[in-house]
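Topology and contacts: notes
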Amino acid sequence: MINWTEEQRDLRALAEELGAAAGEGHLERDADREFGSAGWKLIRETGLLGLPFDERWGGLGQDLLTTMYVLEGLGYACRDGGFSFSVSTHMVSTGVPLQRFGSAHLKERYLTRVCDGSVIGAHAITEPSGGSDVMSMRTTAVRDGDEYVLNGSKAFVTNGPIADVIVVYALTGKRGSPAALTAFLVDRDTPGLVVGPPVAKMGLSTSPFSELFLDDCRVPAANVVGSPGAGFLVMDHVMKWEILCSFVINVGEMQHRLERSVEYGRSRTQFGQKIGSFQSVSNRLADMHISVETSRKWLYDTAQRHVNGENVTFDIAASKLVTSENNVASALAAVQIFGGYGYTSEYGLEKDLRNAVAGTIYSGTSDVQRQRIARMLGL
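Report follows, based on the coordinates. (Residues numbered from 1 in each chain as written. Predicted model: local features only at pLDDT ≥ 70, side-chain atom pairs only at ≥ 80, totals over all residues. Heavy atoms only, no water.)

1. A closer look at the overall build of the protein
To be explicit about the condition: Segments assigned H or I by DSSP are reported as helices when at least four residues long, segments assigned E as strands when at least two residues long, and all are numbered from the N terminus. Radius of gyration here is computed from C-alpha atoms only, and the compact-globule reference equals 2.2 Å multiplied by the residue count raised to the power 0.38. The buried label goes to any residue with under 20% of its type's maximum accessible area, the exposed label to any with over 50%, and the partly exposed label to all in between, with areas taken from a 1.4 Å probe on protein chains only. A contact between two residues is defined here by any heavy atoms of the two lying within 4.5 Å.
Assigned secondary structure in the protein consists of twelve helices and ten strands. Computed over the C-alpha atoms, the radius of gyration of the protein is 21 Å, within 12% of the 21 Å expected from 2.2 N^0.38 for a compact globule of 379 residues. A principal-axis box enclosing the C-alpha atoms of the protein has dimensions of 80 × 50 × 40 Å. In the protein, which comprises 379 residues, the share counted as buried stands at 55%. Considering only contacts in the protein between residues 6 or more positions apart, those separated by 24 or more positions represent 76%.

2. Section: the packing of helix α5 (residues 81-101) against helix α7 (residues 231-267)
Under the convention used in this document: Fitted lines through C-alpha atoms give the axes, limited to the stretch in contact for helices. The angle between two N-to-C directions lies from 0 to 180 degrees. Here the angle decides the label: under 35 degrees means roughly parallel, over 145 means roughly antiparallel, 65 to 115 means roughly perpendicular, and every other value means oblique. Crossings are sorted by hand: turned counterclockwise from the far helix by less than a right angle, the near helix makes the crossing left-handed, and turned clockwise it makes it right-handed.
At a minimum axis distance of 9 Å, the contact between α5 and α7 shows a crossing angle of 150°. Of the possible angle classes, the one that applies to α5 and α7 is roughly antiparallel. Classified by chirality, the crossing of α7 by α5 is right-handed. Contact residues: Gly81, Ser84, Phe85, Ser88, Val92, Ser93, Val96, Pro97, Arg100 and Phe101 in α5; Leu233, Val234, His237, Val238, Trp241, Glu242, Cys245, Ser246, Ile249 and Glu253 in α7.

3. Examining the packing of aromatic side chains
The condition is simple: The aromatic pairing rule takes the rings of Phe, Tyr and Trp, using the six-membered ring of Trp, and pairs them if the centres are within 6.5 Å, calling planes under 30 degrees apart stacked, those over 60 edge-to-face and the rest tilted. Think of it as a cone above the ring: NZ of Lys or CZ of Arg counts as a charge over the ring if it is within 6 Å of the ring centre and within 35 degrees of the ring normal.
The final tally for this structure, using the stated rule, is twelve aromatic pairs. Geometrically, the ring pair formed by Phe35 and Trp40 is tilted, given 6.1 Å between the ring centres and 50° between the ring planes. Taken as a pair, Phe35 and Trp40 share a single burial class, namely buried. Taken together, the ring pairs in this structure connect Tyr264, Phe338, Tyr341 and Tyr347 into an aromatic cluster. In this arrangement the basic side chain of Arg12 is found over the ring face of Tyr69, its NZ or CZ atom lying 4.8 Å from the centre. The side chain of Lys201 reaches across the aromatic face of Phe209, ending 4.3 Å from its centre.

4. A look at the packing of helix α1 (residues 6-22) against helix α4 (residues 64-77)
What counts is decided by this rule: Basically, the charged four are Asp, Glu, Lys and Arg, the nonpolar ten are Ala, Val, Leu, Ile, Met, Phe, Trp, Tyr, Cys and Pro, and anything else, Gly included, counts as polar.
Running from N to C, α1 and α4 cross one another at 30°; their axes reach a closest spacing of 7 Å. It follows from the interaxial angle that α1 and α4 lie roughly parallel. Handedness of the α1/α4 crossing: right-handed. Touching Gln8, Arg9, Leu11, Arg12, Ala15, Glu16, Leu18, Gly19 and Ala20 of α1 are Thr66, Tyr69, Val70, Glu72, Gly73, Leu74, Tyr76 and Ala77, all from α4. When the residues that make up the contact of α1 with α4 are grouped by side-chain class, the tally is nine nonpolar, four polar and four charged.

5. Some points on unusual backbone geometry
Residues other than glycine seldom take positive phi values, yet Arg33 does so here, at roughly 55°. Residue placement: Arg33 occurs in the loop between α2 (26-32) and α3 (37-46). Positive phi, normally seen in glycine, also occurs at Phe156, with a value near 55°. Along the chain, Phe156 falls in strand β3 (residues 147-158).

6. Points about α5
Think of an α-helix as 3.6 residues a turn; residues three or four steps apart then line up on the same face. Put simply, the rule reads: A helix is expected to span 1.5 Å multiplied by its residue count minus one. Bend at a given residue is defined as the angle between two axes, one fitted to the seven residues that end at that position and one fitted to the seven that begin there.
An ideal rise of 1.5 Å per residue puts 30 Å on 21 residues; α5 measures up with 29 Å between its terminal C-alpha atoms. The sharpest bend along α5 measures roughly 35° and falls at Gly95, with the proline Pro97 sitting one to four residues further on. With respect to burial, α5 is a largely interior element, 19 of its 21 residues being buried.

7. Re helix α12 (residues 366-376)
What counts here: Relevant arc is that of directions from the helix axis to the C-beta atoms, nothing else.
Buried within α12 we find Ser366, Val368, Gln369 and Ile373. Buried residues of α12, viewed axially, fall in a sector of 165°; they line one side. With respect to the buried face of α12, the exposed residues turned more than 90 degrees away are Asp367 and Arg375. Residues of α12 that are buried sit in contact with α9 (313-338).

8. Details of the pairing of strand β5 (residues 181-187)
Threshold: Should DSSP find at least two bridges between two strands, the strands are taken to pair.
Burial of β5 is extensive: seven of the seven residues sit out of reach of the surface. Of the two faces of β5, the one carrying Leu181, Ala183, Leu185 and Asp187 and the one carrying Thr182, Phe184 and Val186 are both buried. In the sheet, strand β4 (residues 165-171) pairs with β5 via seven bridges, with the strands oriented antiparallel. Bridge pairing links Val168 to Phe184 in β5.

9. Points about the side chain of Thr302
With respect to the helices, strands and loops of the structure, Thr302 is situated in helix α8 (residues 279-307). For Thr302, a relative accessible area of 0% gives the class buried. Contact partners of Thr302, with chain neighbours within four places excluded, come to Leu244, Val312, Asp315, Ile316 and Ser319.

10. Some details on the pattern of salt bridges
Filter applied, for reference: Each reported salt bridge corresponds to a side-chain nitrogen of Lys or Arg within 4 Å of a carboxyl oxygen of Asp or Glu.
Counted under the stated rule, the structure contains 18 salt bridges. Of the charged contacts in the structure, one is a salt bridge between Arg354 and Asp30, with a shortest N-O distance of 2.9 Å. Here Arg354, found in helix α11 (residues 349-359), pairs with Asp30, found in helix α2; they are 324 residues apart in sequence, far enough to count as distant. Take Arg354 and Asp30: they sit in the same class, and that class is buried. A salt bridge links Arg305 to Glu310; its shortest N-O distance comes to 2.7 Å. Residue classification places Arg305 among the partly exposed residues on the basis of a relative accessible area of 30%.

As far as function goes, none of this settles anything; it's purely spatial.
Shown next, in the form of structure tokens:
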């Protein structure tokens, strides 16, 4: 168990206060598929978007574990899961690769604005024909003097419709080679870049996503993140952060859902008894509690090992798999505990279930994580 400092607990409390405010009106926004612009304004004012970034660029200078602890608080307090997902995506998709691999020029120009939220970030990896098979990427970038010319298309770009800057991964080498990919920072208004309209989806409806099209899109060579051919290295670093940060938000959501369900079990009466006294209900609550604690332990232990410089390839896959599937099971159990009320939109639990399903798909599906683990077993 980590002994958090007073400063860390204060940041967590700030995130919970923000989350509660940002979550107001979440049912209406979910129905309208509307991004929480008011919540974004609030989080900009708190400075929390700069959590893991160096103070030189306007960040708060916090480490990975503190960032996770604070984001867990956001998930716990904010009932707008799409908003929390967009916040995490902004930080991780754009800010994290800039801090680790970006030139001083790129940091000065972009990271300062990522930290203060004056720009919204996204990244474009997945393609319509490739899905989780990143190495089959077809989007190309060809060097032409001091620029690269990008052509191709991307799918499922979280924050795409609202993004001001997008990290685009493209093929610059031989397909299948570890040095085949390069990451580019692309401004939304770059000629040749077209962001498609928001795509309606099952859950996380307040976190808009879209397709992205590149037609002879010219990007300065100075906008390469890292170096040419280092895109896979950049992506690997980003995906570790993405899984740890976005799924710790889910842990906060699961904790809130558990507490709400326990309280309902203590107060709801059926057949002359509190429903929590029925073994079928109490077993579900016990499983929800175990799911929260197991997921939390996997994520924080993996983060600590990552900070220590250890190989966390298995740990990342297992953390993602365990937490995403626990979140779905927890959300389904809550719907069942609340019965007919849980099935209604008014209680927000059916929305939790729809949101949770996404976690088994993005950042590498559950099947992909199992395949990775199987390969590590020599299969």
